[in-house]
Structure formats: structure tokens, C-alpha cells
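# Observations on the model geometry
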Amino acid sequence: MKFNKILENLVNYEAGKPIELVVREYGIKAEDVIKIASNENPYGCSLRVIKAVQNEAFKMSLYPDDSMYELKNSLAAKYNVGSENIIIGSGSDQVIEFSLFAKANPSSKILMAKTTFAMYEIYGKRTGTGILKTTSHEHKIEEFFDIYKNNKDIAVIFLCLPNNPLGECLDKEEVFGFLKEVSNDTLVVVDGAYQEFAAYKDENKKIDPKKLVETFPNAIYLGTFSKAYGLGGMRTGYGVGDKEVIKSLHKLRSPFNITTLSLKAAIEALKDEEFVKNTIIKNFEEMARYEKFAKELDMEFIPSYTNFITYKTKKNSSLICEELMKKGVIIRDLKSYGLNAVRITIGTKEQNDRLFNVFEDIYKG
Ligand SMILES: *Cc1c(COP(=O)(O)O)cnc(C)c1O
């Protein structure tokens, strides 16, 4: 059978290895495996969310409220915008997809950092658009500016703030300065999947979605419930944008694109900011231990504004990941990005102790 030609250039997203795979392949008991590879919240989610979802479990026979009235209103209140400025996606992933389909096409290009969230490129290629990347792995705003100046047909620019999988983050000033130079016909996607962490660590990294989209109607801010809120399994994310942009993206949204229980979970999660704050505080306490550990092993790391840290290893990163996996510890190899580096999600204290122990043996051995 002949398929759409576009499919020939597509690759699948390499998701973190599931615990079940390690159980099967290495015969380790599931309770002895730790997965600190996909930037999930190691503290789970708010108990309030769990109770609400349990109480509403009987509603799973019903389609969700497709207007997503309550969740949109809650988000609108949180960011001090109108609900017409909000779109809900099955993960912010889906809003990335909508953004690309709304703007990119085979005669346009999209621009991103060399090493950034893989879905920008994967969804981009589905539209047949050209892909431009900076030469630096990390975001360098001057490079974005140079490439933008020299290419007149850039439809979408992705800024991942902070960046996954490297953890660095541009300053707000740099972002706003750059946006001033961008045509109002270029959509700039500001991916704030880890903004809660960055904003806590450094005020200069904090992006206010309202200020962003009011100043630059061609920008869209993306947020997710998968990271700081601990709802990765509920697949809920959102975009905040100018109402014209949001209206266009809505044309691409299928009805009932998130579940009845996901909606409930997200609404409840927004009522427990205490949970998020505790997550963030513990995250950076544990992050300090990861930095100290790297220094002890004389290993370079990228200062991180997220819930993960990237180590530039001297030893082969794939080998390290393989050896760790045999010991029941799953982390993320960055070899496929052309880097000899690993990305480790900051876990609970116990998980991190375990990682340090096993990693040290492998690294020194
Ligand atoms: C996790 C992540 C997302 C989106 O996750 P969803 O679970 O689809 O909401 C988006 N961007 C980046 C950079 C991420 O790391």
C-alpha cells in the first residue's frame, strides 16, 4: 500500500522506557524499579484530585462538558485573562500540534533550538514544513534572531522556557526583546511546561501569559498539568493566546478531546497550589544534591530550571543508562540528540539516594 509521502520522513517519539519493560527484560520486581526518566512528579498528585476523581468515577459513562466551561474559567482566573483566551488540549502536546497545523505548510519553515522538545519537529514534519534549528544545542536568542532575519518564510517559532531536555531557560527580557523583532504573522509558541519551576527559582525567567499575549498577539503560551501538578496520566494541557489565535486553533480540536475525569482532575488540581509549591520546594532541595553529586564525580551539568537535571558524562551515556537499567533505575539517554549526556528526573529523596549509589558504582567502575 502507498501511504502519504509525508510519512516517510516521520519518526516516533522516543518515550521513557516503561517500568514493565525493565521487569520483563531484566527480571527485576516491579516494586524494585524506579523510573526517573519522564519528568513525572515523584510525589504523585494532590490528594484532593484523587478524592474528586474517585467521587466522580461513575461519570465516566458520560462525555465531558465540551465547552470545558469550568476548567477554562479556572485557568482564566489564574492568569487574569478571558476564557476565550484559553484552549484545552489532550496534553499541551496537542496544542503544539494545533499550532503547527494552523500555521505551517510545505512552503513554510519552523524554527527551534537544536536540542529541544522532540514533538515540535515530529508534529512539524506532519505538515510537510521545513525545519530550521539553531547551531547551539541550548537556546541562544541571538541565533534565533539571525536565522529569523535571514529566512522570510518562518511560520512558527518554538521557545521552550525552560528547555526540555537540557534544563536551561532564557530570561524574560530576552524573550520580549526578541518578540519585538518578529513579524505579527509568525506564531511564537512559548512552551511553559516547566514554568512553575523556573518562576520559583528565578523571577527573571517568569513569563506572565497575560502580559505575553497582550503585548504580542502572535504569541501563544502553553501550560500543562503533567509536570508540577502531577497529572501526566490525565493528559491535560492548555494554551493561552489572543482570542483570534485561540479561535483558529479551536477549529482543529475534535470534540471531547480530554476525558470527563481529566477535566475534573485539572479543575481540582488548580485548587491545591500548596501541593505544587511543596513539589517545587522539594524539587530544588533535591536538585542541590544532584549538583553536589556531579561535582564530586567531576561531571559537568547544566544548571536547571526544571524538575530534571542533565549530566554531561565522560563515560558513554548509553552504557551508563543500560547499566542503570540492569539495576532497576530508568533515566533518559540523550545520545539520540548527538550528546553524550543523560537526563535525570529529580525524584524523591529515597529514589535519589538509590540513583546516587548505583550511578557512582557504574561511573567509577
Ligand atoms: C512534558 C512536556 C510537554 C507536554 O506534556 P503534556 O503531557 O502533553 O501536557 C510540553 N512541552 C515540554 C517541553 C514538555 O517537557
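Before any of the text, the structure's been laid out above.
Before going into details, it helps to say that this report is about the structure given with it. Computed from a predicted model, the values in this text were never measured in an experiment.

Before going further, it helps to spend a moment on the sheet that holds strand β7 (residues 219-224). Judged by pairing direction, the sheet is mixed, and its seven strands sit side by side in the order β2-β8-β7-β6-β5-β3-β4 without closing on themselves. What marks the edges here is a single partner per strand, and that holds for β2 (86-89) and β4 (130-133). With direction set aside, neighbouring strand axes in the sheet form an average angle of 20°. Taken together, the four bridges between strand β6 (residues 187-191) and β7 define a ladder with parallel strand orientation.

What follows is about the nonpolar core. The nonpolar side chains of soluble globular proteins are, as a tendency, buried together. With 86 residues, the main nonpolar core has Ile157, Phe225, Tyr311, Ile344, Leu355 and Phe359 as its most contacted residues. Here the element with the most residues in this core is helix α12 (residues 273-296); it accounts for eight residues. Two domains each put at least three residues into this core: domain 1 (5-44 + 274-364) and domain 2 (47-272). Sequence-distant contacts of Ile344, defined by excluding residues within four places in its chain, comprise Ile36, Tyr290, Asn307, Phe308, Ile309, Tyr311, Ile331, Leu355 and Phe359. Formed by 24 residues, the second largest nonpolar core is a distinct cluster that contains Ile87, Ile122, Val245 and Leu249.

Turning our eyes to something else, we now look at the side chain of Asn307. Within the fold, Asn307 resides in the loop between β9 (300-302) and β10 (308-312). With relative accessibility at 3%, the residue Asn307 sits in the buried group. Here Asn39 takes part through its backbone oxygen, which lies 3.0 Å from a polar atom of the side chain of Asn307. In this structure, Asn307 is in contact with Asn39, Glu40, Tyr194, Phe197, Asn283, Ile344, Thr345 and Ile346, ignoring residues within four places of it in sequence.

The rules behind the values
Residue positions are counted from 1 within each chain, in the order its sequence is given. Given that the model is predicted, a residue must reach a pLDDT of at least 70 before its local features are reported, and side-chain atom pairs must reach 80 or more before they are shown or counted; all residues, however, enter totals for whole chains, interfaces and linings. Side-chain descriptors were evaluated using all non-hydrogen atoms of the structure, hydrogens and water having been removed beforehand. If DSSP finds at least two bridges between two strands, the strands pair. Put simply, DSSP H or I for four residues or longer makes a helix, DSSP E for two residues or longer makes a strand, and each gets a number counted from the N terminus. Between N-to-C directions, angles span 0 to 180 degrees; the directions come from axes that are lines fitted to C-alpha atoms, helices contributing only their stretch in contact. Grouping buried Ala, Val, Leu, Ile, Met, Phe, Trp, Tyr and Cys residues that are joined through side-chain atoms within 4.5 Å yields what is termed a nonpolar core. Relative accessibility decides the category of a residue: with a 1.4 Å probe and only protein chains considered, values under 20% of the type maximum give buried, values over 50% give exposed, and everything between is partly exposed. Throughout, the edges of the domains are those of an automatic or database domain assignment. Residues are treated as being in contact if the distance between any of their heavy atoms lies within 4.5 Å. Between N or O atoms, a polar contact is any pair within 3.5 Å; within protein, one atom must be a potential hydrogen donor and the other a potential acceptor, and residues adjacent in sequence are included only when both atoms are from side chains.

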